[in-house]
There are 2 protein chains.
Amino acid sequence: MDTKYVYFFGDGATEGTAKMRDLLGGKGAGLAEMTNVGIPVPPGFTITTEACVYYYQNGDFPPGLEEEVEIHLGRVEQALERRFGDVDTPLLLSVRSGSRVSMPGMMDTVLNIGLNDKTAAGLARDMGDPRPAYDSYRRFVQMYGDVVLGLKPETEDDVDPFEEIIERMKNDRGVALDVELTAEDLQALVKQFKAAVKERKGRDFPAEPREQLWGAIRSVFASWDNPRAIAYRQLNNIPDEWGTAANVQSMVFGNLGDDSGSGVAFTRNPATGEKGLYGEFLVNAQGEDVVAGIRTPLPIAALAEEWPDIYGELDEAAVKLETHFRDVQDLEFTVERGRLWLLQTRAGKRTAHAALTIAIDMVEEGLMNREEALLSMEPEQLNQFLRPVFNPVQKEAAVREGRVIAKGLNAGPGAAAGKVVFNAADALEFAERGEKVILVRAETSPEDIKGMSASQGILTERGGMTSHAALVGRQMGKVCVVGCSDIHIDYKKRRFAAPGDVVVKEGEEISIDGTTGEVLLGALETEPSEIKRVLLDETLAPEDSPLYRKFAEFMSWADERRRLMVWTNADQPDQTAAAVKFGAQGIGLCRTEHMFFGGDRITAMRKMILARDEAGRRAALEELRPMQQEDFAGIFRALGGRPAVIRTLDPPLHEFLPHEPAQIEKLAEQMGVPKKELVAKIRTLREQNPMLGHRGCRLGIVYPEITEMQTRAIIGAAVDCLREGLEVRPEIMIPLVSHVNELYNQILVVRRVAEEIMDAEGVTIPYKVGTMIEVPRSALTADEIALVADFFSFGTNDLTQTTFGFSRDDAPVFLRYYVDHMILKDNPFETVDVNGVGLLMEIAVEKGRVANPQLEIGICGEHGGDPATIAYCHRIGLDYVSCSPYRVPVARLAAAQAAIKAAE
Amino acid sequence: MDTKYVYFFGDGATEGTAKMRDLLGGKGAGLAEMTNVGIPVPPGFTITTEACVYYYQNGDFPPGLEEEVEIHLGRVEQALERRFGDVDTPLLLSVRSGSRVSMPGMMDTVLNIGLNDKTAAGLARDMGDPRPAYDSYRRFVQMYGDVVLGLKPETEDDVDPFEEIIERMKNDRGVALDVELTAEDLQALVKQFKAAVKERKGRDFPAEPREQLWGAIRSVFASWDNPRAIAYRQLNNIPDEWGTAANVQSMVFGNLGDDSGSGVAFTRNPATGEKGLYGEFLVNAQGEDVVAGIRTPLPIAALAEEWPDIYGELDEAAVKLETHFRDVQDLEFTVERGRLWLLQTRAGKRTAHAALTIAIDMVEEGLMNREEALLSMEPEQLNQFLRPVFNPVQKEAAVREGRVIAKGLNAGPGAAAGKVVFNAADALEFAERGEKVILVRAETSPEDIKGMSASQGILTERGGMTSHAALVGRQMGKVCVVGCSDIHIDYKKRRFAAPGDVVVKEGEEISIDGTTGEVLLGALETEPSEIKRVLLDETLAPEDSPLYRKFAEFMSWADERRRLMVWTNADQPDQTAAAVKFGAQGIGLCRTEHMFFGGDRITAMRKMILARDEAGRRAALEELRPMQQEDFAGIFRALGGRPAVIRTLDPPLHEFLPHEPAQIEKLAEQMGVPKKELVAKIRTLREQNPMLGHRGCRLGIVYPEITEMQTRAIIGAAVDCLREGLEVRPEIMIPLVSHVNELYNQILVVRRVAEEIMDAEGVTIPYKVGTMIEVPRSALTADEIALVADFFSFGTNDLTQTTFGFSRDDAPVFLRYYVDHMILKDNPFETVDVNGVGLLMEIAVEKGRVANPQLEIGICGEHGGDPATIAYCHRIGLDYVSCSPYRVPVARLAAAQAAIKAAE
């Protein structure tokens, strides 16, 4: 046979290289790479993916594989001076899967192979303590019995048969924890485990180490085709033909006496970014003991004193690895009888502060170039620089004291504390008295906007990451925890209940952590972030903040590298100003309806809706116009000449009317209409599926006077600003277009009114008119639509709803099940679904640009702030992404990363 | 100039031919064709579309056109011995637009050109009566003033300025009707009209005939670019560059004395199909007098006696035209001083009975081939052969007596009478007492199904042609009038109100005409149709019904010619049996949820929904299984080996729960659960947008036990029938799939259960598993889905909802406006939207067939019975269409017509 199926690694004699990923799998290639750099890795060998492919094609291992494995096993034995199956110096092995691309947790692993009654006794002698040896044996039999011999629970509700035996043993011994079982107990467990295998599977547990090894290898190959792995591949477009490699590696022990030990170390401090080894270790212990926290580990500095040689070796390895991987590493190591082994290395997780310092430092040190530095930061982490935080000491104390009473979805990051209120009116009232409040609602609606604005934070019982509360909260920069089903609100009694008989009444203080989703009793102190103090509050000068200077430098690298513009979703001057400070280059979505909820405004709006004829509607709209015009002027001023995409009225009219009897009665009085008539009108407007109802451009078409008024306000504001010497670039956006004729109809209205005003005022405003692409039909007929549109903006939220037929509000019930059961990879409301929604976007971009090469194309759905979606938008050639103000830095970095990755 | 811009027609000297449609427009080519066949058409000439194109490119008529027109005008004068502008023998002209394809009503027409004070006086002398002459003059000035001079209302609410003047005149004269105005009044009107033109438009009304003519031609050309015409072209994909021709034709007069007259005639009797001229005429009258009904016309037979030569000439023309156009013709003719002129010919509208007789006769006579015969019948007309009809005498009397109290949408054709009831329970109760009832509801829901079944007909206040009532009503073959907003139901008082203070109480009798949408007071007698008596009731033997024999022969021609199979939507054995008799070749959609609404069943269903865990759900489902299995067995028996596509549970679970307090209380008692718990459960299940909520396969995925039970019932029933020696072909359809993994998940459940049963029973059932394509994403990813699906079935109703973002229930509010204002051509819920929804269908067919060449593809949405949609389905290569049982003959004919037209 010519084909080589086995590749050795470790002990300076490695056969593979980093480039042999297809043949050795990701893990195998990584192990080869580490040993080639000179890192002491426990020796072993990789059985190639080709062997796996052969196995599937022929139903058996390739001829000659056994001999190859024997040869390589001999090299491992030689390197470690241990022998596989030997009683005195037993060598134990692990077998792990590893395919070309990582499929985390989908395939099988078996540890501690080579143990039987005799080698376990030998190991016990070797360790000088029988308990850890028999614990390894117990774990091995359990793992092998499950993975290789298939002794598993039969249905989802069944208990694990091994755990059942352990539970029985603990009951017999009257102990609560596994660690309380003695060496004898563990030996007895092994016997019972084996008996269970014999009884349930009709076969003896294999005592022969080589039989164990081949069983594990076979099992790892077979696990390539288990249902979960198949589903995962289907979901991630991984070809079935690739197969997996099997990595056979020696096990090393840190618990062989006082010259052994285990530890973990970072190459730089993961909290501050400071350079130098940071971590902890335990003498005479395995890695899991360090993590378990039963014994208190020593700081890594102690190692330098106790075992200076080992520390020097570790430090050298750390520098090598950091240099090689060009990033901070998180290492696991074991010292077996004075010999250092590195078990694992990976990029180290770090706080945003550390990430920033490390990125800047490593570029200065020449370890990274700027592109690598940009890629080293998770875009989401940038959030941490802008949001208020809890006083860390108080937060820790609160957690320790058990004051965390519930947990929801972390929809709007940051920290907030205040008195609980249950409706928007109370929020306003409390806030007017100067009190800080947390608005707690079952869910929010547009009527709550003023109240949300007056609150420190928002907590809702229902709704997902893209619910109204989450969406508006994020846009306002509010701390926001949604979908917190742990709590139950009783509006009548003005209180909510939480698990453990906790009851929180109106006026009592709580704190919510929008970064973690936690709800805590009592008010914790919050602090504005340093970057925010410089950028927005201006309570700190840039020159006094080294952190700000690093942040600004880092962001400037991102801006140099990205091609996508980053715009923002904002509908108030202050939001707009903040977004511009965060780097927004325009407004991608100004939702005009948010302007209709103030006191006078909602009244005029309701007058308009309840008017009996066009004249009545026009009169009410004329009341609204000056207010809208002033809003727009404020926004134009805050933008300083940047473009503003302003959407005409979108929500169904019933959203502006009250639904509770008392409010209806009040409104009837206010409007001077009989209550009966008002109730009838509200009933007429009610819809079965409001999402697909009379909204969007359908309103402006049936009631052109609405579009007229809004155009008048926009162009009027533009004229006002122009007179002030400002530049203005309004872009009027028609929502929910499905047929070109809808857009055409509205464009005619807009152009007529705009020309009228410009003629009368004798000025020219360079305005555009375009459309949202938010239902499949507009994407499919983008060529027709682009002929009349100046721009497209993808409303991916509605586009996702209609493409899947998923209601954003109702889908959480099954979407969670879908993601858990790998029917969908991601929640399509968080990350754009590339195969379906994305295909429509690509069709729209392609058809649109062919029909109108000048077409400006962006995205303004909530997806516009999602890094994965931003990468996709870069790929398909959009001009900009638009997201909520506080996500602008995230989007700038994500856009830069997308450009860097696309160039690779 | 080489280009010829003017083509003569009439008087045996025609220059154009039928093939010159592009140059002469449709109307011009038709006039040329008629004269070439030898039909006496009033002479005239066509100014070509090229002249119009020149006019648009150069802003003026082509050089030389005036001379060409003069020459041809001379030929017209010669032929008629009249002169344009002459006082003694005035020639009057019409100018009509005519483009390549018909754009009905979109462009301009001017009649009676050539009249001024002098020629009008001449015409009066010629007629021997000033009134008709001055009436023509008045009409001319009004039409010319509006069309050419642009004196129109300024806004939609304004009155027409000419009508305003007429109204004032009638007030002055104290008369009510236009015909009561005298010749002098009319002359005065002309003066006032002209003065109004002068005042409002600042120009004199042109007295010079040639100026009038050129103004009219210019106006017809200009009307090609009026906003309505542009919108129409955009909607119908007609290129702007085509331009229109202008047809200038002489006016002829039937009111020049007793040797003149006008009439209309059919070449065969339009009610019975009997061969021979059929119609009526009036001596000394214009065409409009025949239609106006002020004088009673004579039957055409009288013409044979009075003017045998004219009659002979007319008869000859009729035969020529019938032979030429190969179809029955509807003619308008005028006799001017003993000379016959044919003004218009078109295919004659006829009743279904006449259409059938004519088709059969003409094929026998060799006038048509079978394909032409098939094309001569409107598919919709076949409905008339199956539906009960009112006793025609009673119906006529009722209309005359003003007993028609309201009108709605004609959703389910036929005639029904009965006592009014307002809920399903009462319908059942009345029906059990043997009383005929009409179920009157605001709208219906699945809970009403039993009640609908027990009724003669259904009348709803709300909902469109594809509302629940319409859909289920049609499937049941019920007479159905929906969206009858004229009525207002008061459930509490058990009555409804109709316009004119009519109040109808429970138990009072009404009749509804599902063919016209009329609602009548009192019970009219109904009669089953002859064809139904043969096919379904079997109260008439086929050999005793010549009509049936014609029907059967005609349908056999259709079956020979079509390629599409026709399946049916049915979920009861009796519906299935009827559909098979109407020619259905399988079931394309069996909605299993309709089976869950019986007494025991709904209880078990509710138990399932309210169960606290899987075990409880399984127990309730086990109660349902035997009932479902028996339903399926009944359907399989009725099908006799034809395939049956059975859809797993589709609607959201809340549809099965009551919503009114009293019913909820009752259910809580029945189920033995606290009312509070039940209310909470109902609240949990409530959805914002149920259409996009937890329904379809999303139910079967989260609760696999539902799919298991349904599979068990389907395969179980198949085994039962197989044991009886029957052939069975079940096809299990998974609804609302958006991602292949959803289908894959459900297929695994179906296959596991099916294999289990077949193994246990030792038989093999040849079953298929496939999916609905009813959301855009499944169409877009059809290649992925087709790999695991045996068949696709387009659910075009939901696909239309999601592609447009239109809720079927909520859209009527704006859809009506859209269709009225030409934003959409058709209601997309009635005829498939080819550019959007159709594009998705084409993508799905193409991608699906590439991935799986064996893929069976059909359509089961309500569109499956729409002839235009059927033609589209033929074109894109579907295998079958599925429609409600009573539409099967319609679909068979439509499929044949599609095949014939596609082959042309």
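Residues numbered from 1 in each chain as written. Chains lettered and ligands numbered in written order. Predicted model: local features only at pLDDT ≥ 70, side-chain atom pairs only at ≥ 80, totals over all residues. Heavy atoms only, no water.

1. Topic: the overall build of chain A
The cut-off we apply is this: Comment: elements are numbered from the N terminus, with helices defined as DSSP H or I runs of at least four residues and strands as E runs of at least two. Partly exposed residues are those whose accessible area sits between 20% and 50% of the maximum for their type, while under 20% is buried and over 50% is exposed, using a 1.4 Å probe and protein chains only. Two residues qualify as a contact provided that any one of their heavy atoms is within 4.5 Å of a heavy atom in the partner residue. Only the protein chains shown count as cover for residues, and all accessible areas are computed by the Shrake-Rupley method using a 1.4 Å probe. All tallies of charge rest on Lys and Arg as positive and Asp and Glu as negative; His and the ends of each chain are not included. We put the charge of a Lys on NZ, of an Arg on CZ, of an Asp on CG and of a Glu on CD.
For chain A, the helix and strand inventory stands at 35 helices and 33 strands. Projecting the C-alpha coordinates of chain A onto the three principal axes gives extents of approximately 100 × 60 × 60 Å. Here chain A holds 904 residues, and the buried ones make up 58% of them. Long-range pairs, those at least 24 residues apart, make up 68% of the contacts in chain A with a sequence separation of at least 6. Of the roughly 36,000 Å² of accessible surface on chain A, 48% is carried by carbon and sulfur atoms. In chain A, 100 side chains carry a positive charge and 139 a negative one; their mean positions are 4 Å apart.

2. Regarding a positive patch on the surface
As a reminder, the rule being used: The patch calculation keeps residues exceeding 30% relative accessible area without a salt bridge and links them within 9 Å when they carry like charges or within 5 Å when they are nonpolar (Val, Leu, Ile, Met, Phe, Trp, Tyr). When a carboxyl oxygen of Asp or Glu is within 4 Å of a side-chain nitrogen of Lys or Arg, the pair counts as a salt bridge.
A cluster of like positive charges, contributed by A:Lys492, A:Lys493, A:Arg495, A:Lys505 and B:Lys676, occupies part of the molecular surface. Overall, A:Lys505 belongs to the partly exposed group, its relative accessible area being 44%.

3. Brief notes about the nonpolar core
For clarity, the threshold we go by: Only buried residues count toward a nonpolar core. Its members are Ala, Val, Leu, Ile, Met, Phe, Trp, Tyr and Cys residues joined through side-chain atoms within 4.5 Å.
Membership of the largest hydrophobic core comes to 290 residues, with the highest contact counts inside it found for A:Met841 and B:Met841. Ignoring any residue separated from it by four or fewer positions in sequence, one finds A:Met841 in contact with A:Phe794, A:Thr796, A:Leu799, A:Val832, A:Ile859, A:Tyr872, A:Cys873, A:Ile876 and A:Leu878.

4. Looking at the sheet that holds strand E16 (residues 415–421) of chain A
Residues and elements named next belong to chain A. Note the following rule: When DSSP finds two or more bridges between two strands, those strands count as paired. Angles here are taken between N-to-C directions and fall from 0 to 180 degrees, while the axes themselves are lines fitted to C-alpha atoms, restricted in helices to the stretch in contact.
Reading across from one edge, E14-E24-E23-E16-E17-E18-E19-E15 is the order of the eight strands in this open sheet, with mixed pairing throughout. Each of the sheet's edge strands pairs with one partner strand only, and the pair in question is strand E14 (404–407) and strand E15 (409–412). Averaged over all pairs of adjacent strands, the angle between their axes in this sheet comes to 30 degrees, without regard to strand direction. Here E16 pairs with strand E17 (residues 437–441) via three bridges, running parallel. Counted as the bridge partner of Val 421 is Leu 439 from E17. Sitting on the sheet, helix H18 (residues 468–476) is in contact with E15, strand E18 (457–460) and strand E19 (479–482), with an inclination near 170 degrees to E19.

5. A few points about the relation of the copies chain B and chain A
This is how it is decided: Residues reaching a pLDDT of at least 70 in both copies supply the C-alpha atoms on which the copies are superposed by least squares.
Superposing chain B onto chain A takes a rotation of 180 degrees combined with a translation of 0.0 Å along the rotation axis, leaving an RMSD of 0.2 Å. The symmetry that links the two subunits is that of a two-fold axis.

6. Concerning the packing of helix H22 (residues 599–610) of chain A against helix H23 (residues 614–639) of chain A
Residue and element names in this part refer to chain A. Where we set the bar: Crossing handedness is defined as follows: a turn of the near helix away from the far one that is anticlockwise and smaller than a right angle gives a left-handed crossing, while the clockwise case is right-handed. Each residue is assigned to one of three groups, with Ala, Val, Leu, Ile, Met, Phe, Trp, Tyr, Cys and Pro labelled nonpolar, Asp, Glu, Lys and Arg labelled charged, and all others, Gly among them, labelled polar.
Interaxial distance between H22 and H23 falls to 8 Å at its minimum, and their mutual angle equals 145 degrees. Relative to H23, the crossing made by H22 is left-handed. Side by side, H22 and H23 meet where Asp 600, Arg 601, Ala 604, Met 605, Lys 607 and Met 608 of the first sit next to Arg 617, Ala 620, Leu 621, Glu 623, Leu 624, Met 627 and Asp 631 of the second. Tallied by class, the residues present in the contact of H22 with H23 amount to seven nonpolar, no polar and six charged.

7. Points about the pairing of strand E11 (residues 329–336) of chain B
Every other side chain in a regular strand lies on the same face of the sheet, so the side chains alternate between the two faces. Residues and elements named next belong to chain B. By the criterion of burial, E11 is predominantly enclosed, with seven of the eight residues buried. Where strand E8 (residues 261–268) lies against E11, six bridges are found, and the strand directions are antiparallel. Of the residues in E11, the one forming a bridge with Gly 263 is Phe 333. Note that E11 and strand E12 (residues 339–347) share eight bridges and pair antiparallel.

8. Considering the packing of aromatic side chains
Residue and element names in this part refer to chain A. Rules: For Phe, Tyr and Trp, rings pair up if their centres lie within 6.5 Å, where Trp contributes its six-membered ring, and each pair is then called stacked (planes under 30 degrees apart), edge-to-face (over 60) or tilted (otherwise). In this scheme, the term charge over a ring applies when either NZ of a lysine or CZ of an arginine sits within 6 Å of the ring centre and within 35 degrees of the ring normal.
In this structure the tally under the stated criterion is 44 aromatic pairs over all chains. For the pair Phe 806 and Phe 814, a centre-to-centre distance of 5.3 Å together with 70 degrees between the ring planes defines the contact as edge-to-face. Taking the relative accessible area as the measure of exposure, Phe 806 reaches 0% and is therefore buried. Ring pairing ties together the aromatic residues Tyr 55, Tyr 56, Phe 61, Trp 214 and Phe 221, which thus form one cluster. Positioned over the ring face of Tyr 7 is Lys 4, at 4.8 Å from the centre of the ring. Looking at Arg 233, its charged tip hangs above the ring of Trp 224, at a distance of 4.0 Å from the centre.

9. Topic: the environment of B:Lys825
Residues and elements named next belong to chain B. Assignment of secondary structure puts Lys 825 in the loop between helix H32 (812–820) and helix H33 (834–851). On the accessibility criterion, Lys 825 (46% relative accessible area) is partly exposed. The sequence separation of Lys 825 and Leu 24 amounts to 801 residues, and the corresponding C-alpha distance is 26 Å. Beyond its immediate sequence surroundings of up to four residues, Lys 825 is in contact with Leu 235, Asn 236 and Val 819.

10. So, the side chain of B:Thr576
The topology assignment puts B:Thr576 in helix H21 (residues 573–581). What makes B:Thr576 buried here is its relative accessible area of 1%.

11. A short note on the environment of B:Pro867
Locating B:Pro867 in the fold gives a position in helix H34 (residues 867–875). Those residues within four positions of B:Pro867 in sequence are excluded, and the remaining contacts are B:Pro379, B:Glu380, B:Arg887, B:Val890 and B:Ala894.

12. Looking at the interface of chain B and chain A
In plain terms, the rule: When two parts are put together, the accessible area they lose, computed with a 1.4 Å probe and summed over both, is reported as buried area. Definition of a polar contact: a pair of N or O atoms within 3.5 Å, with one able to donate and the other able to accept a hydrogen when the atoms are protein atoms, and with sequence-neighbouring residues admitted only if both atoms are side-chain atoms.
Contact residues are listed per partner, giving 53 residues for chain B and 53 residues for chain A. When chain B packs against chain A, the two sides together hide about 4,500 Å² of surface, and 56% of this comes from carbon and sulfur. B:Asp833 serves as the salt-bridge partner of A:Arg777, at 2.8 Å between the closest nitrogen and oxygen. Taken together, chain B and chain A are joined by 24 residue pairs in polar contact (both at pLDDT 80 or more). Every element with two or more residues in the side of chain B that touches chain A is listed here: helix H9 (227–236), helix H26 (697–702), helix H28 (740–761), helix H29 (776–780), helix H31 (796–804), H32 and H33 of chain B. It is H33(B) that contributes the most residues to the side of chain B that touches chain A, six residues altogether. Residues belonging to the side of chain B that touches chain A are distributed by class as follows: 24 nonpolar, 17 polar and 12 charged.

13. Brief notes about the sheet that holds strand E1 (residues 6–9) of chain A
Whenever strands of a sheet pair, they do so through backbone hydrogen bonds, lying parallel or antiparallel. Residues and elements named next belong to chain A. Spatially, E1-E2-E7-E5-E6 is the arrangement adopted by the five strands of the open sheet, whose pairing is antiparallel. Here the strands that pair on one side only, and so sit at the sheet edges, are E1 and strand E6 (109–113). Strand-to-strand, the axes of this sheet are offset by a mean angle of 20 degrees, without reference to chain direction. Strand direction decides the pairing type here: strand E2 (residues 44–47) and strand E7 (residues 245–250), joined by four bridges, are antiparallel. Bridging from a neighbouring strand, Thr 46 pairs with Asn 247 of E7. The sheet strands contacting helix H1 (residues 21–37) are E1, E2, strand E5 (93–98) and E7, and the helix crosses E7 at an angle near 35 degrees.

14. What about the side chain of B:Glu708?
As for its placement among the helices and strands, B:Glu708 is situated in helix H27 (residues 704–723). Overall, B:Glu708 belongs to the buried group, its relative accessible area being 8%.

15. Observations concerning the pattern of salt bridges
Charged atoms that come close allow side chains of opposite charge to pair. Residues and elements named next belong to chain A. What the rule picks out here adds up to 130 salt bridges over all chains. One salt bridge connects Glu 518 with Lys 395, and the closest N-O pair in it is separated by 3.0 Å. Separated by 123 residues along the polypeptide, Glu 518 in strand E24 (residues 518–521) and Lys 395 in helix H15 (residues 392–400) bring together distant segments of the chain. For the pair Glu 518 and Lys 395, a shared accessibility class is recorded, and that class is buried. When salt bridges with common partners are traced through the structure, they connect Glu 614, Arg 618, Glu 708, Arg 712, Arg 752 and Glu 756 into a single cluster.

16. Observations concerning unusual backbone geometry
Located in the positive-phi region is A:Asn112, a residue other than glycine, with phi close to 60 degrees. According to the relative accessible area criterion, A:Asn112 is buried, its value standing at 9%. One non-glycine residue, B:Arg326, lies in the positive phi region at around 55 degrees. Residue position: B:Arg326 is located in the loop between helix H12 (308–325) and E11. Assessed through its relative accessible area of 35%, B:Arg326 is described here as partly exposed.

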